[in-house]
Amino acid sequence: VFDNCSHSLSEKGWSVGIRTVEPAGTKDARFYFTLRTDRALKSTTIYSHHRYRANVWTHLMVTYNGYNMTLYVDGAKMGESSLQSGNLYSPFMQTCRTLFLGSKQPDLGQSFRGHIGGVVLWGYARSHEDLQKPPLQIDLNEPVLAMWADFTSVERLWTQYKTALHPTVITTPVPEQELVSSFLPPACGVTQCDNTDIISGYNNNWHLLTPKRIRYRIVNLLDDDGMNPTVTPAQIQVQHQALNEAFLPYNITLELSIHTVKNSSLRQRFILSNCRIGKIGNRQCDPECDHPRTGHDGGDCLGIGHCYNWKRQDGVCDMECNTIHYDYDDGDCCDPDVTDVLKTCFDPESPNR
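Residues numbered from 1 in each chain as written. Predicted model: local features only at pLDDT ≥ 70, side-chain atom pairs only at ≥ 80, totals over all residues. Heavy atoms only, no water.

For the protein, an unreviewed UniProt entry supplies the name LNR domain-containing protein and the organism Characodon lateralis.

And the structure:
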């Protein structure tokens, strides 16, 4: 509902729909409710906690009682604000109010692409308890505007705007109600702690919950002789103590188990995520391989240094020649007899790498 007399210059009125939190953004689109009374200097907007889900029927409800505006999504309160107050419209400005369905301010060319199951507009603020009733059980004789699941008389009730099209009546199957249960295992890669409602409720009311014990394991790599551990026992105990102290106020205790693996070859390996061996020394800098362990992508991410001819194949690993441009010092930097190949061999084709 906009002030049609000056809606291009102001946002007086209210609007419900989907938009991004950042005005010019293209990601993280959420349900929103924005409102501005005639006397307010600027509008107030409430957003839902999560981005909207496509291809899912959603029941949006908003209320404003003169001092508090609230947004509900599928019966759950998403947010509220008391920044707006007073009557929504001045009596002498009521004739300037126009209700747009399916678009925000049409001059901006922003329209809703989707299905609208129905619209119910009340002349007073409904309570949360009333709004939780199934929509089809609402007494349609009371609202100011009632078109729930019935747009058959749309030509009589609505005026077409610019596009010269009325809403189209389409029969769509009613989807089965989605079962959301905290007792079912979450989807792969997701845990219950990824649900902000659950974790915020836990953080706010942790003292009401029973104590929890969480088991975790540290896998520690050592050389074949049991020396040179990735982390020392003292470091493990310091971390374990810090974790227990951090989670103890939330009734969470951690139980530690340590698994040691004695494997020198595995201990000496270094893994770079997404850096395939074919990218090293391919004559172009691959940022994912730009690391000292790869000679900064086999020298591709370094400028061509000064490697004098008399330094090549001289039985010494000269690091300024240790790039693909100089064939990794003609093999000297991958010769275990003259250098520590674990630190200097960057040639992906060398058997000593």
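Draft legend 1. A look at the layout of surface pockets. For the second largest pocket, the calculated volume is near 680 Å³. Lining the second largest pocket are 22 residues, and of these Gln268, Arg269, Phe270, Arg293 and Arg353 lie nearest its centre. Sorting the residues of the lining of the second largest pocket by element identifies helix H5 (264-267) and helix H8 (341-344) as the ones contributing at least two each. A breakdown of the residues in the lining of the second largest pocket according to their chemical character gives 11 nonpolar, five polar and six charged. (1 Å grid on protein atoms, 1.4 Å probe; cavity = no way out; pocket = protein on both sides within 12 Å on 5 of 7 lines; lining within 4 Å. Points joined across faces, edges and corners; volume = space filled by probe spheres on them. Helix = DSSP H or I, 4+ residues; strand = E, 2+ residues; numbered from the N terminus. Nonpolar A, V, L, I, M, F, W, Y, C, P; charged D, E, K, R; others polar.)

Draft legend 2. Inspection of unusual backbone geometry at higher detail. Positive phi is not limited to glycine here, since histidine 296 has a value of about 55°. Looking at the element boundaries, histidine 296 is found in helix H6 (residues 295-298). A positive phi is found at tyrosine 328, a non-glycine position, where the angle reads about 50°. The residue tyrosine 328 is located in helix H7 (residues 327-330) in this model.

Draft legend 3. Geometry of the side chain of aspartate 329. Along the chain, aspartate 329 turns up in helix H7. Reaching out from aspartate 329, the side chain makes a polar contact with the backbone nitrogen of aspartate 318 at a distance of 2.9 Å. (Polar contact = N/O pair within 3.5 Å; in protein donor to acceptor, adjacent residues only side chain to side chain.)

Draft legend 4. Structural view of the packing of aromatic side chains. Counting across every chain of the model gives two aromatic pairs. Aromatic side chains phenylalanine 31 and tyrosine 52 sit 6.3 Å apart centroid to centroid with 65° between the ring planes, which places their arrangement in the edge-to-face category. Taken together, the residues phenylalanine 31 in strand S3 (residues 29-36) and tyrosine 52 in the loop between strand S4 (44-51) and strand S5 (60-64) connect sequence positions 21 residues apart. Considering the side-chain rings of tyrosine 308 and tryptophan 310, the 6.1 Å spacing of their centres and the 10° angle between planes classify their relative orientation as stacked. Judged by its relative accessible area of 44%, tyrosine 308 is partly exposed. On the accessibility criterion, tryptophan 310 (64% relative accessible area) is exposed. (Phe/Tyr/Trp six-rings, centres within 6.5 Å; stacked < 30°, edge-to-face > 60°. Buried < 20%, exposed > 50% of the residue type's maximum accessible area, 1.4 Å probe, protein only.)

Draft legend 5. Seen up close, the pairing of S5. One ladder, built from five bridges, connects S5 with strand S6 (residues 69-73); its direction is antiparallel. Considered in S6, the bridge of threonine 63 is made with threonine 70. Between the antiparallel neighbours S5 and S6 lie four residues, among them glycine 66 with a positive phi of about 100°. (Pairing = 2+ DSSP bridges.)

Draft legend 6. Spatial organisation of the environment of valine 21. Mapped onto the fold, valine 21 is located in the loop between strand S2 (13-20) and S3. Exposure remark for valine 21: the relative accessible area of 35% places this residue in the partly exposed category. Along the chain, valine 21 and arginine 51 lie 30 residues apart, while their C-alpha atoms are 9.6 Å from each other.

Draft legend 7. Geometry of the pairing of S3. Burial within S3 is extensive, with seven of its eight residues counted as buried. Sheet analysis places S2 next to S3, joined by eight bridges and oriented antiparallel. Bridging from a neighbouring strand, glycine 17 pairs with tyrosine 32 of S3. Two strands pair when backbone bridges link them, and S3 and S4 are joined in this way by five bridges, in the antiparallel orientation. Pairing of leucine 35 across the sheet is with threonine 44, part of S4.

Draft legend 8. Representation of the sheet that holds S6. Taken in spatial order, the three strands line up as S5-S6-S7 in an open sheet, and their pairing is antiparallel. Every interior strand has two partners, whereas the edge strands, S5 and strand S7 (76-81), have only one. Across this sheet, the average inter-strand angle for adjacent strands is 15°, counted without regard to direction. Note that S6 and S7 share five bridges and pair antiparallel. For valine 73, the partnering residue across the bridge sits in S7 and is alanine 76. (Axes fitted to C-alpha atoms, helices over the stretch in contact; angles between N-to-C directions.)

Draft legend 9. Structural detail: the pattern of salt bridges. Evaluation of the coordinates by the stated rule reveals six salt bridges. Aspartate 28 serves as the salt-bridge partner of arginine 30, at 2.8 Å between the closest nitrogen and oxygen. The partner of glutamate 80 in a salt bridge is lysine 77, and the shortest N-O contact between them spans 3.7 Å. With a relative accessible area of 41%, lysine 77 lands in the partly exposed category. (Salt bridge = Lys/Arg side-chain N within 4 Å of Asp/Glu carboxyl O.)

Draft legend 10. Structural view of empty space enclosed by the protein. Counted according to the given criterion, the structure contains one cavity of 30 Å³ or more. Approximately 40 Å³ is the volume found for the largest cavity. Every residue along the wall of the largest cavity is listed here: Phe2, Glu11, Gly13, Trp14, Ser15, Thr34, Leu35 and Arg36. Of all the secondary structure elements, the ones that give two or more residues to the lining of the largest cavity are S2 and S3. Split by residue class, the lining of the largest cavity holds three nonpolar, three polar and two charged.

Draft legend 11. Region of the structure containing the state of the cysteines. Under the criterion given, the structure shown has five disulfides. Here cysteine 275 pairs with cysteine 289 through a disulfide, and the sulfurs are 2.0 Å apart. Across the S-S bond of cysteine 275 and cysteine 289 the torsion is about 115°, and the bridge reads as right-handed. Of this pair, cysteine 275 sits in the loop between H5 and H6 while cysteine 289 sits in the loop between H5 and H6, placing them 14 residues apart in sequence. (Disulfide = S-S within 2.5 Å.)

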